[in-house]
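A structural walkthrough
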Amino acid sequence: MHPIILIALLAVAQASPAVSVSLDRGWYSPGESVVIHIHASGGHSTASLLWLYIDGPDGRNLYFTDLPFRSQKLNWTIPVDAAEGTYTVT
């Protein structure tokens, strides 16, 4: 077997998954529910997980969960005492 074929086969076997995240809107008020759409595609094993983080305006983590690797929808309610600013969903 030629090394280049082995490298190509390894590249296919190691193809990384693609994940994108979108929200139902761009502007929310404290206490409102956010619908997070997660689209997962590409190669993965049955043991793969997605990690979802929501960070507040100060950069501190407010929410974390691990999810099965698949496209899905998640609801998160903004705390009623949430600080004003930009929150990041990763």
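Conventions and cut-offs
- Residues numbered from 1 in each chain as written.
- Predicted model: local features only at pLDDT ≥ 70, side-chain atom pairs only at ≥ 80, totals over all residues.
- Heavy atoms only, no water.
- Phe/Tyr/Trp six-rings, centres within 6.5 Å; stacked < 30°, edge-to-face > 60°.
- Helix = DSSP H or I, 4+ residues; strand = E, 2+ residues; numbered from the N terminus.
- Buried < 20%, exposed > 50% of the residue type's maximum accessible area, 1.4 Å probe, protein only.
- Polar contact = N/O pair within 3.5 Å; in protein donor to acceptor, adjacent residues only side chain to side chain.
- Contact = heavy atoms within 4.5 Å.

A complete count under the given rule lists 2 aromatic pairs for this structure. Considering the side-chain rings of Trp51 and Phe64, the 6.3 Å spacing of their centres and the 70 degrees angle between planes classify their relative orientation as edge-to-face. Highlighted residues: Trp51 in strand S3 (residues 49–55) and Phe64 in strand S4 (residues 61–68), separated in sequence by 13 residues. For the pair Tyr53 and Phe64, a centre-to-centre distance of 4.9 Å together with 45 degrees between the ring planes defines the contact as tilted. In this pair, Tyr53 is assigned in strand S3 and Phe64 in strand S4, connecting sequence segments 11 residues apart. Judged by its relative accessible area of 30%, Tyr53 falls in the partly exposed class. Owing to a relative accessible area of 40%, Phe64 belongs among the partly exposed residues under this scheme. Through a chain of ring-to-ring contacts, three or more aromatic side chains come together here, namely Trp51, Tyr53 and Phe64.

Right, let's get into the side chain of Gln72. With respect to the element layout, Gln72 can be found in strand S5 (residues 72–77). Assessed through its relative accessible area of 15%, Gln72 is described here as buried. In this structure the side chain of Gln72 is engaged in a polar contact, spanning 2.8 Å, whose partner is the backbone oxygen of Pro68. A polar atom in the side chain of Gln72 sits 2.9 Å from the backbone oxygen of Arg70. In this view, Gln72 contacts Ile36, His37, Ile38, Leu50 and Leu67; residues no more than four positions away in its chain are not counted.

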